[in-house]
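# Coordinate inspection notes
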Amino acid sequence: LRGTAVSVAAAGTLALPIGTAKQSEIIATFMLPKTAATLMVTISDVKPPPTPAEGALSHTHPHTHSPTSNTTVCLVDYIPGAGNVTVGCGGVNDTVPLLPSETTFEIRVYSDATFLEAYFQQGRAAMTVVAGLNGATTLSVGSSVASVGVKATAWPIKGAETTACSKFTLCL
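What you are looking at is a predicted structure, and each value in this text was computed from that prediction instead of being measured. Along each chain, the written sequence defines residue order, and numbers are assigned to residues from 1. Only residues with pLDDT of at least 70 are given local features in this predicted model, and only at 80 or more are side-chain atom pairs given and counted; all residues enter the totals for whole chains, interfaces and linings. Excluded from the side-chain calculation are hydrogens and water; included are all heavy atoms of the structure.

### Quick notes on the confidence of the model for the protein chain
Selection criterion: The predictor attaches a confidence to each residue, and that confidence, scored 0 to 100, is pLDDT. We call two residues contacting when some pair of their heavy atoms lies within 4.5 Å.
Here the protein chain averages 82 in pLDDT, while 78% of its residues score no lower than 70. Between residues 54–67, whose pLDDT stays under 50, and residues either more than four places distant or in other chains, the model counts 10 contacts.

In structure tokens, the structure reads:
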């Protein structure tokens, strides 16, 4: 059910087609740095401004309104040599054991409009968090340390009914 992949080989935003990131999958693989760093996948959107009926316009400044943003960060707080690292997403935290021989760390996030599923280091920790995603949702990857290498790929998720079959037809 994956759509066309979009990849980056450095920190930045993955340019999925407009409106598709709210239902997507992203896999980010970070090179583990020599210094402590926070490695992040950020899911952001801008909430559309409320309508006048919802109180969007100020009576004193009728043309000023600044849309608000929803941001969820899925991250790992990496410390070189640590046997366990702290991971988190949307306020939910856990720990992930690391082997001394590991040189990369993977964060995989599935988004589906109202929630995110985050998997850390091939599922050693997993969490589901509520997220209000919309057509303005963006995905980005980054680190608190500029020199950290990262490779990320994201795919929009196609609808379940992409064949000639529908919910009213039995497909064999």
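Resuming the write-up.
### Quick notes on the sheet that holds strand 10 (residues 125–130)
Basically, it comes down to this: Two strands qualify as a pair provided that DSSP identifies no fewer than 2 bridges between them. Think of it this way: any DSSP run of H or I at least four residues long counts as a helix, any run of E at least two long counts as a strand, and we number them from the N terminus. Here, axes are lines fitted to C-alpha atoms. For helices the fit covers the stretch in contact, and angles between N-to-C directions go from 0 to 180 degrees.
Spatially, 1-12-3-8-9-10 is the arrangement adopted by the 6 strands of the open sheet, whose pairing is antiparallel. Single-partner strands in this sheet number two, and they are strand 1 (6–8) and strand 10. The sheet shows a mean angle of 15° between the axes of neighbouring strands, direction not considered. Where strand 3 (residues 23–31) meets strand 12 (residues 150–156), 7 bridges bridge the pair, whose relative direction is antiparallel. Within strand 12, the residue paired with S24 across the bridge is P156.

### Describing the pairing of strand 9 (residues 115–120)
Convention followed: Each residue is assigned to one of three classes by its accessible area relative to the maximum for its type, calculated with a 1.4 Å probe on protein chains only: buried under 20%, partly exposed between the two thresholds, exposed over 50%.
Only one face of strand 9 is covered, namely the one carrying L116, A118 and F120; the face carrying F115, E117 and Y119 has none of its residues buried. Two elements, strand 8 (residues 104–112) and strand 9, share 5 bridges in a ladder whose sense is antiparallel. Looking across to strand 9, one finds that Y110 is bridged to E117. Linking strand 8 to strand 9, which pair antiparallel, is a turn of 2 residues; within it A113 sits at a positive phi near 65°. Sheet analysis places strand 9 next to strand 10, joined by 6 bridges and oriented antiparallel. Following the sheet pairing, F120 is matched in strand 10 by A125. Between strand 9 and strand 10, which pair antiparallel in sequence order, lie 4 residues; one of them, Q121, sits at a positive phi of approximately 50°.

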